[in-house]
Amino acid sequence: MNKYLVAGIVALPTYVAGLVGLEAFSLFNSHPVTTQRELEELVVAEKARLECKAPIKPILSSQGTARSLPKDAHGEYTLLVGELGANNRSIKHEVYHICKGHVDGEPSFLKYFFWNEPITALYEAFGIRF
Ligand SMILES: [Zn+2]
């Protein structure tokens, strides 16, 4: 078997496990956000930390989610969190995605999976910025 293929077969699950582990570590160290006001305050604080001017409309959902959506017709990004996804770490993660332009346009799967997501997970877990 081709040595690069073998390396890929070994590396990919290791990479995925690392990424999942990093996000699980972060979730374990998170605290829940239960009010719209707390959500808004966290978004404002996170934007200030990132020196980010992107207009973000935070929505506390009743469904389990943590997502950031591209600009709407009013030029605002939407940050949607709910249930398990409504915690300070997920909010930090989604604000970083928005502020770094990860939700602008359509990134390829490879760029998303091997760049956008890991650098965001590192920021979420350790505050490391790229
Ligand atoms: Zn993400």
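This text follows the structure it describes.
This text gives an overview of the structure that appears in the document. Keep in mind that this is a model prediction, so the values were computed, not measured. (Residues numbered from 1 in each chain as written. Predicted model: local features only at pLDDT ≥ 70, side-chain atom pairs only at ≥ 80, totals over all residues.)

**Some points on the overall build of the chain**
For clarity, the threshold we go by: Here a strand is any run of E in DSSP of at least two residues, a helix any run of H or I of at least four, and the numbering for each starts at the N terminus. Any residue surrounded by 20 or more other C-beta atoms within 10 Å of its C-beta is treated as buried, while 12 or fewer makes it exposed and the intermediate range makes it partly exposed; C-beta atoms here are placed from the backbone. Throughout, a residue-residue contact means that the two C-beta atoms, derived from backbone geometry, are no farther apart than 7 Å.
For the chain, the count of helices and strands is four helices and three strands. Going from the N terminus to the C terminus, the chain shows its helices and strands as α-α-β-β-β-α-α. Each principal axis of the C-alpha atoms in the chain carries an extent, and together these give about 55 × 30 × 25 Å. Expressed as a percentage of the 130 residues in the chain, the buried residues total 25%. Within the chain, residue pairs in contact and separated by at least 24 positions form 51% of the contacts whose partners lie at least 6 positions apart.

**Here we look at the pairing of strand β3 (residues 77–82)**
Convention followed: The rule for pairing is simple: two strands pair if DSSP sees at least two bridges between them.
Residue alternation in β3 divides its side chains into a buried set, Y77, L79 and V81, and an unburied set, T78, L80 and G82. Of the pairings in the sheet, the one linking strand β1 (residues 56–61) to β3 comprises six bridges and is parallel in character. Residue pairing in the sheet places K57 in a bridge with T78 of β3. Sheet topology note: the strand β2 (residues 65–69)/β3 ladder contains five bridges and is antiparallel. Residue T65 lies in a different strand from β3, and its bridge partner there is G82.

**Quick word on the packing of helix α3 (residues 88–99) against helix α4 (residues 109–126)**
This is how the line gets drawn: Between N-to-C directions, angles cover 0 to 180 degrees, with each direction set by a line fitted to C-alpha atoms, over the stretch in contact for helices. Under this scheme an angle from 65 to 115 degrees is roughly perpendicular, one under 35 degrees roughly parallel, and one over 145 degrees roughly antiparallel; angles in between are oblique. Here a crossing is taken to be left-handed if its near helix is turned anticlockwise relative to the far helix by less than a right angle, and right-handed if that turn runs clockwise. Ten residue types, Ala, Val, Leu, Ile, Met, Phe, Trp, Tyr, Cys and Pro, are classed as nonpolar, four, Asp, Glu, Lys and Arg, as charged, and the remainder, Gly among them, as polar.
Contact geometry of α3 with α4 gives a least axis separation of 9 Å together with a crossing angle of 140°. For the element pair α3 / α4, the angle class is oblique. In this structure, α3 crosses over α4, and the sense of that crossing is right-handed. Along the contact surface, α3 presents R89, K92, H93, Y96 and H97, while α4 presents T120, Y123 and E124. Within the contact of α3 with α4, the residues separate by chemical class into two nonpolar, three polar and three charged.

**Here we look at the nonpolar core**
Stated formally: As used throughout, a nonpolar core is a set of buried Ala, Val, Leu, Ile, Met, Phe, Trp, Tyr and Cys residues joined through C-beta atoms within 7 Å of each other.
Counting 16 residues, the largest nonpolar core has V43, I56, L79, I91, V95 and I98 as the members making the most contacts within it. Of all the elements in the fold, those that place two or more residues in this core are α2 (36–49), β3 and α3. If one sorts the elements of this core by residue count, α3 sits on top with five residues. Ignoring anything within four residues of it in the chain, the contact list for I98 reads A54, I56, S68, Y77, L79 and V103.

**Overview of unusual backbone geometry**
Excluding glycine, residues mostly carry a negative phi; peptide bonds, for their part, are mostly trans. Of note in the backbone geometry, E51 takes a positive phi value of approximately 50° without being a glycine. For E83, which is not glycine, the phi dihedral falls at a positive 50°. Inspection of the secondary structure assignment puts E83 in the loop between β3 and α3. The exposure class of E83 is partly exposed, given the 14 C-beta atoms found within 10 Å.

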